[in-house]
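# Per-entry structural report
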Amino acid sequence: MKKRTLKISALTALLSAAAAGTAFAGSWKTDAFGTYYENDNGTRPAYAKTWVCPDDGMTYVFDPDGYLIIDGYYGTFRTNSSGQLVEKTEEQLAKEAVEKAERVSRPNPSKVATEAKAAGTAAKQLTAAATTTRLAYQAEMQIFMDRAFAALRTALGDDYPNLIGDTKSTSIDSTYFYRVRGDSVYTLSASKHLVSSETNPDYTPYAFSVTYDRGRLSSDSGLDYFNEAFQTLVIAAVGETAGQELYDTLMADVLDGTSLLKLSGTTDTGNSYTANCVGNTVTVQVTCSEIVPETEDENAEGETAEGESTEEAVEETPTTSVITVGAGQSSTAETEASEETTDEGTEENAEASEETSGETAVEETANETEVASEEAAAETEAAAEETAAEETSAEEA
């Protein structure tokens with residue numbers, strides 16, 4: 001009896017193995033969407049990505065729908081015209097590296113705007129620009145311009161009524177400046193140059209410039225305050241190290257009053273600058289290197305003409321503010337801080353409102369459920385009493 005049981009078990013295992021082998025056997029098929037492998041039981045190796053064919057032992061690559069990936073890529077390998085996995089050549093790897101670098105270098109409007117906003121926020125904790133792309137750099141310099149001119153306004157107070165601080169904003173430039181009353185020439189000015197398209201006739205390669213005409217001031221007209229503001233802007237634009245060195249060189253030359261000086265160099269972050277000194281007037285201009293940190297974000301491939309328009313719109317939006325000498329006035333920096341606080345408060349109120357609405361909805365649902373349960377219990381109890389009464393009547397009858 002025992003031997004017979006063993007024989008039956010062995011036969012069962014053999015039949016199961018044969019059935020399994022039959023189930024996984026199959027054939028190649030093609031439809032309007034491509035070529036796929038179908039097992040005899042109607043399934044196909046979908047979502048398998050790589051799969052070894054039982055017929056030829058070759059490794060094939062499928063897409064999520066189970067179709068062969070022809071002349072495509074998979075990791076550090078590629079697929080040939082038959083969908084078989086083969087190793088990439090050095091030439092192909094080099095080509096991919098070049099294509100990746102090109103994708104990274106392409107401007108992505110959404111990403112650029114996000115990076116610029118983040119750079120502006122980070123600049124509030126810094127004394128010099130840290131970025132190398134135009135829009136992000138200008139977002140940083142906006143913070144430093146606000147800071148420098150607000151500090152200058154506070155320092156001057158009401159003691160220098162002949163000095164006027166103001167702003168001038170267009171689609172081409174956004175400028176903060178101080179001038180002597182009745183004088184059309186700026187004593188100190190700082191500008192963001194907003195046009196970034198080289199095909200635009202108003203384009204300038206530099207993203208930021210600062211000009212200081214020291215000869216229009218005397219020792220009793222806030223000269224020290226203007227020197228400090230100019231120093232702050234030069235360091236912010238060029239860097240703590242290179243900026244301080246440039247400021248010292250320029251001021252030494254300005255004190256001469258008769259020099260003609262042209263300088264060029266590299267900022268602490270790798271941007272480039274030029275500096276001109278003519279008599280008592282000095283100008284520093286900074287051009288961004290446009291070096292974008294390497295990233296794995298592949299959304300750059302989705303760049304469109306509409307996206308490019310978005311970038312121009314972001315860059316060319318003018319800002320308007322007034323720098324007024326005297327106490328009791330709000331600086332641009334204070335105004336922006338107030339706007340940020342208002343935005344944050346609005347967002348918090350909106351979130352609180354949503355939470356309250358959600359809690360109210362839950363409470364209402366719970367109340368409705370409780371009422372429904374009580375009504376159902378009452379109906380059940382009434383039905384039971386009615387049934388008991390009928391049974392009692394029947395017994396009496």
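In what follows, the structure referred to is the one given above.
Notes on the structure follow.

Calculation rules
- Residues numbered from 1 in each chain as written.
- Predicted model: local features only at pLDDT ≥ 70, side-chain atom pairs only at ≥ 80, totals over all residues.
- Heavy atoms only, no water.
- Helix = DSSP H or I, 4+ residues; strand = E, 2+ residues; numbered from the N terminus.
- Contact = heavy atoms within 4.5 Å.
- Polar contact = N/O pair within 3.5 Å; in protein donor to acceptor, adjacent residues only side chain to side chain.
- Core = buried A, V, L, I, M, F, W, Y, C linked by side-chain atoms within 4.5 Å.
- Buried < 20%, exposed > 50% of the residue type's maximum accessible area, 1.4 Å probe, protein only.
- Patch = residues over 30% accessible without salt bridge, like charges linked within 9 Å, V, L, I, M, F, W, Y side chains within 5 Å.
- Areas by Shrake-Rupley, 256 points an atom, 1.4 Å probe, with all protein chains shown as cover.
- Salt bridge = Lys/Arg side-chain N within 4 Å of Asp/Glu carboxyl O.
- Lys, Arg positive; Asp, Glu negative; His and termini not counted.
- Charge placed at Lys NZ, Arg CZ, Asp CG, Glu CD.
- Axes fitted to C-alpha atoms, helices over the stretch in contact; angles between N-to-C directions.
- Parallel < 35°, antiparallel > 145°, perpendicular 65-115°, else oblique.
- Left-handed = near helix turned anticlockwise from the far one by under 90°.
- Nonpolar A, V, L, I, M, F, W, Y, C, P; charged D, E, K, R; others polar.
- Phe/Tyr/Trp six-rings, centres within 6.5 Å; stacked < 30°, edge-to-face > 60°.
- Expected span 1.5 Å × (residues − 1).
- Pairing = 2+ DSSP bridges.

Right, let's get into the environment of Asn 227. One can find Asn 227 in helix α5 (residues 223-238). Each C-alpha atom, one on Asn 227 and one on Arg 214, is 8.2 Å from the other, the two residues being 13 residues apart in sequence. Excluding its chain neighbours within four sequence positions, the residues that come into contact with Asn 227 are Tyr 212, Arg 214, Tyr 247 and Met 251. One polar contact links Asn 227 to Tyr 212, side chain to side chain, over a distance of 2.7 Å.

Attention shifts here to the nonpolar core. If you look at the biggest cluster of nonpolar residues, it comprises 45 residues, and the most contacted ones within it are Tyr 137, Leu 188, Tyr 212, Phe 226, Phe 230 and Val 238. When contributions to this core are tallied by element, the ones reaching two or more residues are α4 (134-156), β9 (173-180), β10 (186-193), β11 (208-213), α5, α6 (240-256), β13 (272-278) and β14 (281-287). Those residues in contact with Leu 188 that lie beyond four places of it in its chain are Phe 149, Leu 152, Tyr 176, Phe 177, Tyr 178, Val 210, Thr 211, Tyr 212, Phe 226, Ala 229 and Phe 230. By size, the runner-up hydrophobic cluster in this structure holds six residues, among which are Trp 51, Tyr 60, Phe 62 and Leu 68.

A few words now on the side chain of Gln 84. On the secondary structure map, Gln 84 appears in the loop between β6 (77-79) and β7 (85-87). Setting aside anything within four residues of it in sequence, one finds Gln 84 in contact with Asp 56, Met 58, Thr 59, Tyr 60, Arg 78 and Thr 79.

A cluster of acidic residues, Glu 240, Glu 245, Asp 248 and Asp 268, forms a negative patch at the surface. On the secondary structure map, Glu 245 appears in helix α6.

Here we come to the packing of α4 against α5. The angle between the axes and the distance between the axes are what describe a pair of packed helices. Between α4 and α5, the shortest axis-to-axis distance is 10 Å and the interhelical angle comes to 170 degrees. Classified by the angle their axes make, α4 and α5 are roughly antiparallel. α4 and α5 meet at a crossing whose hand is right-handed. Across the interface between the two elements, Tyr 137, Met 141, Phe 144, Met 145, Ala 148, Phe 149, Leu 152, Ala 155 and Leu 156 from α4 touch Tyr 225, Phe 226, Ala 229, Thr 232, Leu 233, Ala 236 and Ala 237 from α5. Looking at side-chain class alone, the contact of α4 with α5 contains 15 nonpolar, one polar and no charged residues.

Right, let's talk about the packing of aromatic side chains for a bit. When we look at a pair of aromatic rings, we describe it by the centre distance and by the angle of the planes. Under the counting rule described, the total for this entry stands at 15 aromatic pairs. Ring geometry for Tyr 36 versus Tyr 67: centroids 5.7 Å apart, planes at 85 degrees, classification edge-to-face. Note that Tyr 36 is positioned in strand β2 (residues 34-39) and Tyr 67 in the loop between β4 (59-61) and β5 (73-74), a separation of 31 residues in sequence. A residue is classified by how much of its surface remains accessible, and Tyr 67, at 10% relative accessible area, is buried. Judged by centre distance (6.0 Å) and plane angle (50 degrees), the ring pair of Phe 230 and Tyr 247 falls under tilted.

Turning next to α4. Spanning 23 residues, α4 covers 32 Å between terminal C-alpha atoms, matching the ideal 33 Å at 1.5 Å per step. Among the 23 residues that make up α4, 19 are buried, leaving the element largely enclosed by the rest of the structure. Immediately downstream of α4, the backbone of Gly 157 shows phi near 55 degrees, a positive value.

Time to look at the sheet that holds β7. With respect to topology, three strands assemble into an open sheet ordered β5-β6-β7, the strand pairing being antiparallel. Across the chains shown, the open sheet's two edge strands, defined by having one partner strand only, are β5 and β7. Two elements, β5 and β6, share two bridges in a ladder whose sense is antiparallel. Opposite Tyr 74, over in β6, you have Phe 77 as the bridge partner.

As a further point, take the pattern of salt bridges. All told, the structure shown has three salt bridges when counted by the stated rule. Measuring nitrogen to oxygen at the nearest pair gives 2.6 Å for the salt bridge that ties Asp 183 to Arg 216. Highlighted residues: Asp 183 in the loop between β9 and β10 and Arg 216 in the loop between β11 and α5, separated in sequence by 33 residues. Residue classification places Asp 183 among the buried positions, given a relative accessible area of 18%. What makes Arg 216 partly exposed here is its relative accessible area of 34%. A salt bridge links Arg 216 to Asp 213; its shortest N-O distance comes to 2.7 Å.

Counted residue by residue, β10 has seven buried out of eight residues, so it is predominantly covered. Two strands pair when backbone bridges link them, and β9 and β10 are joined in this way by seven bridges, in the antiparallel orientation. By the bridge assignment, Ser 174 is partnered in β10 with Lys 192. Between the antiparallel neighbours β9 and β10 lie five residues, among them Gly 182 with a positive phi of about 85 degrees. Here five bridges tie β10 to β11, and the two strands are oriented antiparallel to one another. For Ser 189, the partnering residue across the bridge sits in β11 and is Thr 211.

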